[in-house]
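This is what each chain is made of:
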Amino acid sequence: MANFNDLPTELILKTFKHLSLSDILNTSRTSSYFRSISVGFKEIWRDATDSCYLPLPTGQSAGSVPFDTLPSLAARAVSIQTALDGPDQPCNPKSYHAIKSLGGPFWGPAEFVCAIPGNEWVILASHIIGQSDFQVLLYSLKTRKSVIVCAGLRPVSLTCALDTSFRGNEIMFACSGHTKSGSSVTIFSFKFPDCKDKEGLPTITSKWQMPSRTEAIDVRKLTLRGSLLVCLSRNRDMVFIDWEKETGITYTSNPDPNGLEVTGPWEAHIHPYLPYVLCAIEERNLAAPFSSWSTRKFCVVDIPKELPALQKTSKGLIFVQTPLSYIASVVLPEEISVPVPWFDLRNPSQHASSSSSASSTLLCSMHNSSGRRLNEISSAWFTLCGNTLSVETRVFSARGTMSWAGSGSTSHQSLAHPGPDPGEFTLFVRDSLLRPGQIRWSKVMLPMAILNDDAVERSQTTSALLGTLSVVAVDMLYGGIYVQRYVDQVNEEYYSGPSMHLYHIQY
């Protein structure tokens, strides 16, 4: 009698290709034959329907990570999902790491900027002794070592951007700041050591720098993905730069033909796999009976396949200028007070649009819980069909199952709220925020050591800020969160001033 083992290997591989990491793990444990299949073909793990949730080491991809580590990484991914998928019982932490002082040559609090994928490195900002400007640095959560990123560049108000997609073992970082000759935007490359090198430091290389004194350099927002750098200038222009090809264009904000006053865009977000930049604007009708009348819109800007070559002069770069236009726009729902988009970072071939039409694309979602209804979360999903952008809005109630106070953090792609008990937070499960449907959440508890942590020894007087904990980033992929505590204390000898402590907590 024929059995499953008699099937051609190619057919079995096709079957595995449609499984999740959990299904592959369970199948590999049913027989030695399936075990040999799972350990003999790396593409099984790489092509899993949820392979994007593999907690890969820094600088590694599913294709470059050592083959024998893939099953354990998949098991860790399933473990994280299981631990954080319970909406009722709070998840207790496994470990935590406290960053209170960076030591010399740094002084003052370390401000969290963002986390590097890989659960090992974070980007912080702090001061150097004898200097008044911030310095951006890479900090290792494992070795407590750090390296300055922008040597010779004085960052401006932490105007920076990280491209979270790796190029091999490299990741790109953009930062705006001042040099000896003027303002500039610099692209840096972080090349991380091999995962076997436990003590190694990243190699930081300046890949590209916009010449100082460039007219469009006065930027207030940056976003970076691959070779595309998008700058929002203070005069509301949007600058596209392909820093590898040294091409670019400036989209200028012209007066609205309908007599509306347009403000924005305030932020720009490059779509992870579609040739679009997403932004929000506000239109104000000055002739309306009430001068406060305005409409907020969410807009889609097309990324040209080819950009004009940048012209270099002794005064910097000259950009070709063209009026800013949108291929589609839609009025933002009133419930969405902070228009920060969430993207589905899975391979586009691994997920389909929520719309029945094949030509429709689910661009992103947005989620807010601030406003009048603190026990509800308002969600919006934006779908693009041709040149038509539509929005679907739903309000999810958490009444009777959880409660929170205040609005949550929407920076760093996180959404978290303090719970009714000290040290309890509610985290919304990322994948449930991406598609229309029932939103899911997790509850986590902070370590008691953090709740009872005294910021300064022998402290005698503390302000009301002491003990204020806020979640600044949620890294669901690696089962961790980043929590900051603001401290303002006085002891017997001196006033230590306001400070800030950062905690990385693993679940």
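I will try to describe carefully the structure that is included in this document. All values reported here derive from a predicted model rather than from experimental measurement.

**Some points on the sheet that holds strand E25 (residues 416-418)**
Piece 1. Strand order in this open sheet of 3 strands is E25-E26-E27, and the pairing throughout is antiparallel. Whereas interior strands pair on both sides, the edge strands pair on one side only; in this sheet they are E25 and strand E27 (441-445). Within this sheet the neighbouring strands show an average axis-to-axis angle of 25°, counted without direction.
Piece 2. As paired strands, E25 and strand E26 (residues 424-428) are joined by 3 bridges and run antiparallel to one another. Bridged to Ala 416 within E26 is Leu 427.

**Some details on the nonpolar core**
Piece 1. In this structure, Phe 16, Leu 21, Ile 24, Trp 45 and Leu 54 are the most contacted members of the largest nonpolar core, which totals 22 residues.
Piece 2. Of all the secondary-structure elements, those providing two or more residues to this core are helix H1 (9-16), helix H2 (21-28), helix H3 (32-40), helix H4 (43-46) and helix H5 (70-83).
Piece 3. The element that contributes the greatest number of residues to this core is H5, accounting for 5 residues.

**Side note on the packing of H1 against H3**
Piece 1. Interhelical geometry of H1 versus H3 gives an angle of 75° and a closest axis separation of 11 Å. Classified by the angle between their axes, H1 and H3 sit roughly perpendicular to one another. Two secondary-structure elements touch here, H1 through Thr 9, Ile 12, Leu 13 and Phe 16 and H3 through Tyr 33, Phe 34 and Ile 37.

**What to know about the environment of Trp 243**
Piece 1. By the secondary structure assignment, Trp 243 is in the loop between strand E12 (238-242) and strand E13 (247-252).
Piece 2. Distance in space between the C-alpha atoms of Trp 243 and Ile 187 is 8.3 Å, their sequence separation being 56 residues.
Piece 3. Here Trp 243 is in contact with Arg 167, Met 172, Ile 187, Lys 207, Trp 208, Leu 224, Gly 226, Ser 227 and Leu 228, once residues within four sequence places are set aside.
Piece 4. Polar contacts involving the side chain of Trp 243 include one to the main-chain carbonyl oxygen of Gly 226, which spans 3.2 Å.

**Some thoughts on the packing of aromatic side chains**
Piece 1. A complete count under the given rule lists 7 aromatic pairs for this structure.
Piece 2. Between Tyr 96 and Tyr 503, the aromatic rings sit 6.4 Å apart at their centres with planes inclined by 55°, giving tilted as the arrangement. Placement of the pair is Tyr 96 in strand E1 (residues 95-99) and Tyr 503 in strand E31 (residues 495-506), with a sequence separation of 407 residues.

Thresholds applied
- Sequence order as written defines residue numbering, which begins from 1 separately in each chain.
- In view of the model being predicted, local features appear only for residues whose pLDDT reaches at least 70, and side-chain atom pairs are presented and counted only at 80 or more, with totals across whole chains, interfaces and linings using the full set of residues.
- With hydrogens and water excluded, all non-hydrogen atoms of the structure serve as input to the side-chain values.
- At least two DSSP bridges between two strands are required for those strands to pair.
- We count a stretch as a helix when DSSP gives it H or I for four or more residues in a row; a strand needs E for two or more, and each element gets its number in order from the N terminus.
- Helix axes use the C-alpha atoms of the stretch in contact, all axes being lines fitted to C-alpha atoms, and the angles between their N-to-C directions lie in the range 0 to 180 degrees.
- Among buried residues, the Ala, Val, Leu, Ile, Met, Phe, Trp, Tyr and Cys ones that are joined through side-chain atoms within 4.5 Å form a nonpolar core.
- The cut-offs for exposure are 20% and 50% of the maximum accessible area for each residue type, with area from a 1.4 Å probe on protein chains only; residues under the lower value are buried, those over the upper are exposed, and the others partly exposed.
- Put simply, angles under 35 degrees are roughly parallel, angles over 145 are roughly antiparallel, angles from 65 to 115 are roughly perpendicular, and the rest are oblique.
- Contact definition: two residues touch when any of their heavy atoms are within 4.5 Å.
- Two N or O atoms count as a polar contact when they lie within 3.5 Å, although within protein this holds only if one can serve as hydrogen donor and the other as acceptor, and sequence-adjacent residues are included solely when both atoms are side-chain atoms.
- Any two rings among Phe, Tyr and Trp, with Trp reduced to its six-membered ring, count as a pair given centres within 6.5 Å; such a pair is stacked if its planes are under 30 degrees apart, edge-to-face if over 60, and tilted if neither.

These figures come from the coordinates and say nothing about function on their own.
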